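A look at the structure
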Amino acid sequence: MTQQIRNHKIRNIAIIAHVDHGKTTLVDAMFSQSGVFRKGQAVDERIMDNMDLERERGITIAAKNCAISWKDIKINIIDTPGHADFGGEVERALSMADGAILLVDASEGPLPQTRFVLQKALASGLQIIVVINKIDRKDAQIEHTLDAVYDLFIDLDATEEQLEFPTLYAVGKSGIAQETPEEAGRDLHILLDTILERIPGPTADPDTPLQMLVSDLGYSDYLGRLAIGKIVNGSARANDQLVCITDSGEHLPLKVSKLQVYEGMKFSPVSHADTGDIIVLSGIDDVKIGDTICTAQAPAALPRITVDAPTVSMKFTINNGPLSGKEGKYIQSARIRERLKKETLMNVAIQVEEGGDRDSVLVKGRGEFQLAILIETMRREGFEFCVGRPEVLMKYEGTRKLEPIEHLFVDCDERFMGIVTEKLSSRRGKMNTVVNHGTGRVRMEFSIPSRALIGFRDEFLTDTKGTGIMNSFLEGYGPFRGEFKSRFTGSIVSDRPGSAVAYAIFNLEPRGSLFITPGDPVYEGMVVGEHNRAQDINVNPCKEKKLTNIRASGKDDAVVLSPIRPITLEYAINFIREDELVEITPKSLRMRKVVLSAQKRRQQRTPTAESATP
């Protein structure tokens, strides 16, 4: 067996954390501590969250790389998403890491998404450093959190070596880390020193020529497609003649036009890069995530990045409604297909298949939140299209039907325990554990079908008056648990085109909740509200008050309308039924029936989707 050599000048480390546990803030502090920013330099907060959607939502969506230097050793930092829906980003990010920092909130402890990413890291054999963050919180439970972390490691079958993890305590927003909760920390030097001591440098076979696994893709207006990944064996030089081994085994010639590495958040050109460094190559257009780049003289493919199978699908189709093309820049099915195919190159967890007709495409992903982010991104790029309700992907073992099952964690006030349990039970959920610490809040764990959680989050927040916390991760596939109703209300549907009128809206308010305001354009088949009853209802939202030459002695009362609920993308895709679509444009979100004509819908009427005219 060949002796492996270790590169002690480099550390590759991923940062793992649940949403809002302070990961991006800690990276900002590491930048400042290592001298990436000069003293007094004006710097934005959360600089790693460089996508508009990341800044707006306060979450990490795409895994990103950066690098700092500490005591003449380069530390490549890989920022991983904290949401299980972006698991594909996690898997490709961990392929570049040799160790990981597990960041846990001192009050909330390890949550489901922490578990998901940590499970991947432990399976990859990474050395873990545990950092308990936000120890300055008034409700911090440091000892309890540390016990929960140990329980999590044991539950995930960590090795004896992985269980001997170092533990640090931090206040990320203040840039402080310390070895015990009691001492007063000053900066992050203890954390950076621990990384150098406990995270091993990358190893390689000295006799093997260059091998690099492509873990990420980028694009430059000057250099074209960029391939990003870790050098697993050998070294790379600018202007090398290399080959790219694709998933089909094809060898594509590649000349490195430019070799770059990370310095801070930016690229820095170099002439040479050693084993273990994360590099950026330009000079090839057909590269995909998972490809191997190696020498033409000794081509050998590395194991490809494997990701968990998708669990949810959504139908993307052209907007064929009356308002089509008025707000969007790209409306053709070919442009929508091309954009979705491009997404599969950048995101290994997304799959695109042909739909049932020439104008539709089936997109598969990890969850409806991941697909909602894709839809919002395309919307901001100027695309106009329609999407159907998310559907869970089933599996079959012979004649046995299996469905994805989630492990759901619920944290809510004691007084809401009854309604939450009742709602989840009606959706085929099974309660596993209940913990009541006597603080007025309870923690419950359920086993529940993934399809039961589609659209439940908004309902849950309403039931708990906005105070409940709900998180879940995919447990695996289990026997199909039977059908259940997810929506007990019908839709209020416009029966004609025109503009909404205040008089009509006012008289429709007793029928349910409206989504439109006076002056909004409507058309036949457009969903303008949620009906109080289970059946759909066709209405005329353009009806004006009849005028006569008879006047009352007083004057007519002014129409005062109730405020409408703002329609968000997540609400819309969770609200619609199987016979409805969400119309996505850069400026508007509308819900509509798949079949717009009221007459045709009446002919197709079923007991579950009844249509009536008031």
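Shown above is the structure to which this text applies.
A brief report on the enclosed structure follows. (Residues numbered from 1 in each chain as written. Predicted model: local features only at pLDDT ≥ 70, side-chain atom pairs only at ≥ 80, totals over all residues. Heavy atoms only, no water.)

Further remarks concern the pattern of salt bridges. All told, the structure shown has 29 salt bridges when counted by the stated rule. Notably, a salt bridge pairs E343 with R339, separated by 3.0 Å at the nearest N-O pair. Pair noted here: E343 and R339 are both in helix α8 (residues 333-346), with a separation of four residues, about one helical turn. Both residues of the pair, E343 and R339, belong to the buried class. R577 is the salt-bridge partner of D536, the closest N and O atoms lying 3.4 Å from each other. Residue D536 is found in strand β35 (residues 536-539), and its partner R577 is found in the loop between α14 (569-575) and β36 (580-584); the two are separated by 41 residues along the sequence. Side by side, D536 and R577 carry an identical accessibility label, which is buried. Salt bridges here are not isolated pairs; linked through shared partners, they connect D411, D413, R415, R441 and R443. (Salt bridge = Lys/Arg side-chain N within 4 Å of Asp/Glu carboxyl O. Helix = DSSP H or I, 4+ residues; strand = E, 2+ residues; numbered from the N terminus. Buried < 20%, exposed > 50% of the residue type's maximum accessible area, 1.4 Å probe, protein only.)

What follows deals with the nonpolar core. The biggest cluster of nonpolar side chains holds 39 residues, and the ones touching the most others in it are L102, L118, I128, V130 and F153. It is helix α4 (residues 112-123) that contributes the most residues to this core, five residues altogether. Once residues within four sequence positions are removed from consideration, I128 is found in contact with A100, L102, L118, A121, L122, F153, F165 and P166. Counting residues in each nonpolar core, the second largest holds 30 residues, with Y330, V361, Y571 and I573 among its members. (Core = buried A, V, L, I, M, F, W, Y, C linked by side-chain atoms within 4.5 Å. Contact = heavy atoms within 4.5 Å.)

This brings us to the environment of L223. If you trace the backbone, L223 turns up in the loop between β10 (211-220) and β11 (224-233). In sequence terms L223 and S257 are 34 residues apart; their C-alpha atoms lie 8.1 Å from each other. Excluding residues that lie within four positions of it along the chain, L223 makes contacts with K258, Q260 and S282.

Its location among the elements puts I375 in helix α9 (residues 368-380). Distance in space between the C-alpha atoms of I375 and F316 is 9.4 Å, their sequence separation being 59 residues. For I375, the contacting residues outside a window of four places in its chain are M314, F316, F385, V387, L569 and I584.

Turning next to helix α7 (residues 189-198). Helical geometry note: an α-helix holds 3.6 residues per turn, so side chains three or four residues apart project in the same direction. Extensive coverage of α7 is indicated by the burial of seven of its 10 residues. All of the buried residues in α7 are I190, L191, L192, D193, T194, I195 and L196.

With eight of eight residues buried, strand β2 (residues 10-17) is to be regarded as a mostly interior element. Residues I10, N12, A14 and I16 point to one face of β2 and R11, I13, I15 and A17 to the other, with burial holding for every one of them. Both β2 and strand β4 (residues 73-79) contribute to a ladder of six bridges, which runs parallel. Looking across to β4, one finds that I13 is bridged to I77. In the sheet, β2 pairs with strand β5 (residues 99-105) via five bridges, with the strands oriented parallel. Opposite I15, over in β5, you have I101 as the bridge partner. (Pairing = 2+ DSSP bridges.)

Applying the stated criterion across every chain yields a total of nine aromatic pairs. Between the aromatic rings of F316 and F385, the centroid separation amounts to 5.5 Å while the plane-to-plane angle is 15°, which identifies the pairing as stacked. In this pair, F316 is assigned in strand β20 (residues 312-317) and F385 in strand β23 (residues 385-387), connecting sequence segments 69 residues apart. For the residue pair F316 and F385, the accessibility class agrees, reading buried in each case. Ring centres of Y330 and F383 lie 4.9 Å apart, and the angle between their planes is 45°; this geometry places the pair in the tilted category. Residue Y330 is found in the loop between β20 and α8, and its partner F383 is found in the loop between α9 and β23; the two are separated by 53 residues along the sequence. An aromatic cluster of three or more residues is present, and its members are Y150, F153 and F165. Taking the ring centre of Y477 as reference, the NZ or CZ of K395 above it sits at 4.2 Å. Over the aromatic face of F480 sits the side chain of K401, whose NZ or CZ is 4.2 Å from the ring centroid. (Phe/Tyr/Trp six-rings, centres within 6.5 Å; stacked < 30°, edge-to-face > 60°. Lys NZ or Arg CZ within 6 Å of the ring centre and 35° of its normal.)

On to the pairing of strand β14 (residues 251-255), then. Side chains L252 and L254 of β14 all project onto a buried face; the interleaved residues H251, P253 and K255 project onto a face where none is buried. What sits between strand β13 (residues 241-245) and β14 in their antiparallel hairpin is a turn of five residues, with G249 showing a positive phi close to 90°.

This part covers the side chain of T292. Tracing the backbone through its elements, the reader meets T292 in strand β19 (residues 292-295). Residue class for T292 comes out buried when judged on its relative accessible area of 1%. At a separation of 2.9 Å, a polar atom in the side chain of T292 contacts the main-chain amide nitrogen of L302. Ignoring any residue separated from it by four or fewer positions in sequence, one finds T292 in contact with M212, L213, V243, C244, I245, A300, A301 and L302. (Polar contact = N/O pair within 3.5 Å; in protein donor to acceptor, adjacent residues only side chain to side chain.)

Here the focus is unusual backbone geometry. Of note in this structure, K71 is not a glycine but carries a positive phi near 55°. Summarising the element assignment, K71 is placed in the loop between β3 (64-70) and β4. Judged by relative accessible area, K71 falls into the exposed class, the value being 57%. Backbone geometry places D72, a non-glycine residue, at a positive phi of 65°.

On to the sheet that holds strand β16 (residues 266-269), then. The strand order across the open sheet formed by eight strands is β14-β13-β19-β10-β11-β18-β15-β16, and the pairing between neighbours is antiparallel. This sheet does not close on itself; its edge strands, each paired only once, are β14 and β16. When strand polarity is set aside, the average angle formed by the axes of neighbouring strands in this sheet is 40°. Here nine bridges tie β10 to β11, and the two strands are oriented antiparallel to one another. (Axes fitted to C-alpha atoms, helices over the stretch in contact; angles between N-to-C directions.)

Spatial relationships are all this shows, so hold off on functional conclusions.
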